[in-house]
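Chain by chain, the residues run as shown.
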Amino acid sequence: MKKYFLIILSLMISISGVFMSACSPTEGNIFKKNNPEENSRQIYAMDTYMDLKVYGENGAEALDEASRVIYSLDNSLSATNSSSDIYRLNSRSTDTVSGDVLNIIEESIRMSRITEGYFDITVYPLVRAWGFTTSDYHVPDDSQIQELLTHTGIDMISLSGDGNSGTITFADDEVELDMGAIAKGYASDMVYGIFKKYNISSAIAALGGNVCAFGARPDGSDWLVAIQDPFDQSSYSGTIAVQDRFLVTSGGYQRFFEQDGKTYHHIINPFTGMPAESGLASVTIVSQNGTQADALSTALYIMGLDKSIDFWRACEFKDSLESFDAIFITDDGDIYVTENIADRFTCEGGFHTVEK
Ligand code: AMP
Ligand code: MG
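As the structure is a prediction and not an experimental result, all values here were calculated from the model.

Once that is clear, we can look at the site of ligand 1. Around ligand 1 sit 17 residues in total, of which Asp120, Asp178, Ser250, Ile268 and Thr298 are the nearest. Alanine 181 places a main-chain nitrogen or oxygen 3.4 Å from an oxygen atom of ligand 1. Within the side chain of serine 250, one N or O atom sits 2.6 Å away from an oxygen atom of ligand 1. A total of three residues in the shell around ligand 1 trace back to one element, the largest contributor, which is helix H8 (residues 290-303). Residue composition of the shell around ligand 1, grouped by class: nine nonpolar, five polar and three charged.

A separate point is the coordination of the magnesium ion (ligand 2). Only Ala181 (O), Asp294 (O), Asp294 (OD) and Thr298 (OG1) from the protein reach the magnesium ion (ligand 2) as donors, at distances of 2.1 to 2.5 Å. Donor residues for the magnesium ion (ligand 2) sit on one chain with the sequence pattern A-x112-D-x3-T. Placement of the pair is aspartate 294 and threonine 298 together in helix H8, with a separation of four residues, close to one helical turn. Side by side, aspartate 294 and threonine 298 carry an identical accessibility label, which is buried.

Attention now goes to the side chain of histidine 265. Within the element layout of this structure, histidine 265 appears in strand S12 (residues 262-265). A residue is classified by how much of its surface remains accessible, and histidine 265, at 9% relative accessible area, is buried. At 2.7 Å, the side chain of histidine 265 and the backbone oxygen of alanine 276 are in polar contact. Of the polar contacts made by the side chain of histidine 265, one reaches the side chain of tyrosine 301; its length is 3.5 Å. If near-sequence neighbours (up to four positions away) are discounted, histidine 265 is found in contact with Phe132, Gly252, Arg255, Phe256, Pro275, Ala276 and Tyr301.

Attention now goes to the packing of helix H7 (residues 183-197) against H8. Look at H7 against H8: their axes get within 7 Å of each other, and the N-to-C directions meet at 160°. Between H7 and H8, the angle falls in the class roughly antiparallel. Viewed along their axes, H7 and H8 form a crossing whose handedness is right-handed. Where H7 approaches H8, its residues Ala183, Lys184, Gly185, Tyr186, Ser188 and Asp189 are matched on the opposing element by Gly290, Thr291 and Asp294.

Phi at aspartate 47 takes a positive value of approximately 65°, unusual for a residue other than glycine. The exposure class of aspartate 47 is partly exposed, given its relative accessible area of 42%. Its identity is not glycine, yet serine 320 carries a phi of approximately 65°, on the positive side. Within the fold, serine 320 resides in the loop between helix H9 (305-313) and strand S14 (324-330). Accessibility expressed as a relative area gives 42% for serine 320, which makes it partly exposed.

This paragraph deals with the pattern of salt bridges. A complete count under the given rule lists twelve salt bridges for this structure. We note a salt bridge from lysine 307 to glutamate 116, for which the minimum N-O separation is 3.9 Å. Taken together, the residues span a long stretch of sequence, with lysine 307 in helix H9 and glutamate 116 in the loop between helix H4 (99-114) and helix H5 (124-129) at a distance of 191 residues. The partly exposed category is assigned to lysine 307, whose relative accessible area is 35%. The residue arginine 344 makes a salt bridge to aspartate 222 at a minimum N-O spacing of 3.3 Å.

Turning next to the packing of aromatic side chains. Aromatic ring pairs are described here by two measures, namely the spacing of the ring centres and the angle between the planes. One pass over the structure, following the stated rule, counts 13 aromatic pairs. Linked through ring pairs, Trp130, Phe132, Tyr137, Phe257 and Tyr264 together constitute an aromatic cluster. Above the face of the phenylalanine 170 ring, arginine 92 is positioned so that its terminal group lies 3.7 Å from the ring centre. Residue placement shows lysine 356 over the ring face of tryptophan 312; its charged tip is 4.4 Å from the ring centre.

This paragraph deals with H9. Burial in H9 covers these residues: Leu305, Ser308, Ile309, Phe311 and Trp312. The arc that holds the buried residues of H9, viewed along the axis, is 160°, so those residues lie on one side.

Right, let's get into the pairing of strand S5 (residues 165-170). Only one face of S5 is buried: it carries Gly166, Ile168 and Phe170, and the other face, with Ser165, Thr167 and Thr169, is open. By the bridge criterion, three bridges tie strand S3 (residues 96-98) to S5 in an arrangement that is antiparallel. Within the sheet, the bridge partner assigned to valine 97 lies in S5 and is glycine 166. Strand direction decides the pairing type here: strand S4 (residues 157-161) and S5, joined by five bridges, are antiparallel. The residue bridging isoleucine 157 from the neighbouring strand is phenylalanine 170, located in S5. Hairpin remark: S4 followed by S5, antiparallel, with three residues in the connecting loop; positive phi at glycine 163, about 100°.

Now for the sheet that holds S3. Taken together, three strands build an open sheet; the order of strands is S3-S5-S4 and the sheet is antiparallel. Each edge of the open sheet is held by one strand with a lone partner, namely S3 and S4. The sheet shows a mean angle of 30° between the axes of neighbouring strands, taken without regard to direction. Of the strands in this sheet, S3, S4 and S5 are in contact with H4, which crosses S3 at around 100°.

Reading guide: rules and limits
Counting from 1, residues in each chain are numbered in the order their sequence is written. Lettering of chains starts at A and numbering of ligands starts at 1, both following the order in which they are written. Reporting of local features is limited, given that this is a predicted model, to residues whose pLDDT is at least 70; pairs of side-chain atoms are given and counted only at 80 or more, and all residues count toward the totals for whole chains, interfaces and linings. Working from all heavy atoms in the structure, the side-chain values ignore hydrogens and water. Nearness of a residue to a molecule or strand requires only that one of the residue's heavy atoms be within 4 Å of it. The term polar contact refers here to a pair of N or O atoms within 3.5 Å; inside protein, the definition further demands a hydrogen-donor-capable atom paired with an acceptor-capable atom, and it admits residues adjacent in sequence only when both atoms are side-chain atoms. Note on conventions: DSSP H or I runs of at least 4 residues are helices, E runs of at least 2 residues are strands, and numbering of each starts at the N terminus. Classification convention: Asp, Glu, Lys, Arg as charged; Ala, Val, Leu, Ile, Met, Phe, Trp, Tyr, Cys, Pro as nonpolar; all other residues, Gly among them, as polar. Sodium, potassium and calcium take a 3.2 Å donor cutoff, other metals 2.8 Å, and in both cases only N, O and S atoms count; water is not among them, so sites may look incomplete. Three labels apply to residues, based on accessible area from a 1.4 Å probe with only protein chains included: buried if under 20% of the type maximum, exposed if over 50%, partly exposed otherwise in between. Note on contacts: a residue pair qualifies if any of its non-hydrogen atoms lie within 4.5 Å across the two residues. Each axis is a line fitted through C-alpha atoms, and for a helix only the stretch in contact is used; angles between axes span 0 to 180 degrees, taken between their N-to-C directions. For this classification, under 35 degrees means roughly parallel, over 145 means roughly antiparallel, 65 to 115 means roughly perpendicular, and everything else is oblique. Here a crossing is called left-handed whenever its near helix is offset anticlockwise from the far helix by less than a right angle, and right-handed whenever the offset is clockwise. We count a salt bridge whenever a side-chain nitrogen from Lys or Arg sits within 4 Å of a carboxyl oxygen from Asp or Glu. Here is the rule: rings of Phe, Tyr and Trp (six-membered ring for Trp) pair when centre to centre is within 6.5 Å. Planes less than 30 degrees apart are stacked, more than 60 are edge-to-face, and the remainder are tilted. Two thresholds decide whether a charge sits over a ring: the Lys NZ or Arg CZ must be within 6 Å of the ring centre and within 35 degrees of the ring normal. Throughout, the arc means the angular range of directions from the helix axis out to the C-beta atoms. In this description, strands pair whenever DSSP reports at least two bridges between them.

See the structure below:
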């Protein structure tokens, strides 16, 4: 698992690195403006390696604050850390939330409704039954899955409050929350805000598979981000040129186990309790909203290609959903790219453009 994330990271950085070398520091003040100070930081949080690189005068301070915020969110949102807010909600030692935990739960409920239940933070008992919380993997009995499904669904939780503080009520004692499909996206939005606050001119932050391409590269050109090949994690399926965007990829290849010759992965269809088998190998969302991009990548992966395309086409009619684009890779290796980013995407074997 850890090894896998290192591969994504080094892949992405080597891709953007190719272009960074074109503007590497040259001696003399004349080049200073085009070669702002570079600072980078590698951390391990939220069960993944993270790599942040910033350009600008206040880079070290920005990275200090970004790291602090990421660690703090990890401490609040982890379902397995016994001092976290989510653990305390799940174990019923509190029913009150505030600040970021309140915000992320509110946004999760909204995204669950927008995605008609495909994104569902109440999947935790199922995720645990499959062994993904402890790495003690096994296929649960069908009767256990059916029983656990009776404790999942966004209607099993209700949130009341005044905006500063909220009270969570669970429909029964078995309901538990899992922020794993949205926490890194939320963290990347926070990191983006910190970069802005410190007047960072340019930055790239990879929180595992969640990438925040902040502004443009130091020379003003696009960031080039590699989309990992879901069938060969040491390679990539294509690259996309972006400025000021979040890119989030979900795929069954990111965490899985094998039992009796069959592969089972970590993205659970909340309607069946089973790992999603939608015909998609990965979904990458490109958006200006990191939290929504993370929730969407998970939801659309489960929906499958046709339903996801319908969802994307209807996007502007969904209240509080920001517009987004997507790159879908099917189990057959076909690539579908929504039309707004088609001219920014490059791959070797060709791809289908999805029109509105
Ligand atoms: P991601 O990599 O963002 O797609 O998130 C996958 C993680 O989110 C899994 O490891 C689970 O912890 C959790 N998860 C699994 N299925 C769902 C779902 N349908 N909705 C929300 N979270 C999920
Ligand atoms: Mg996600």
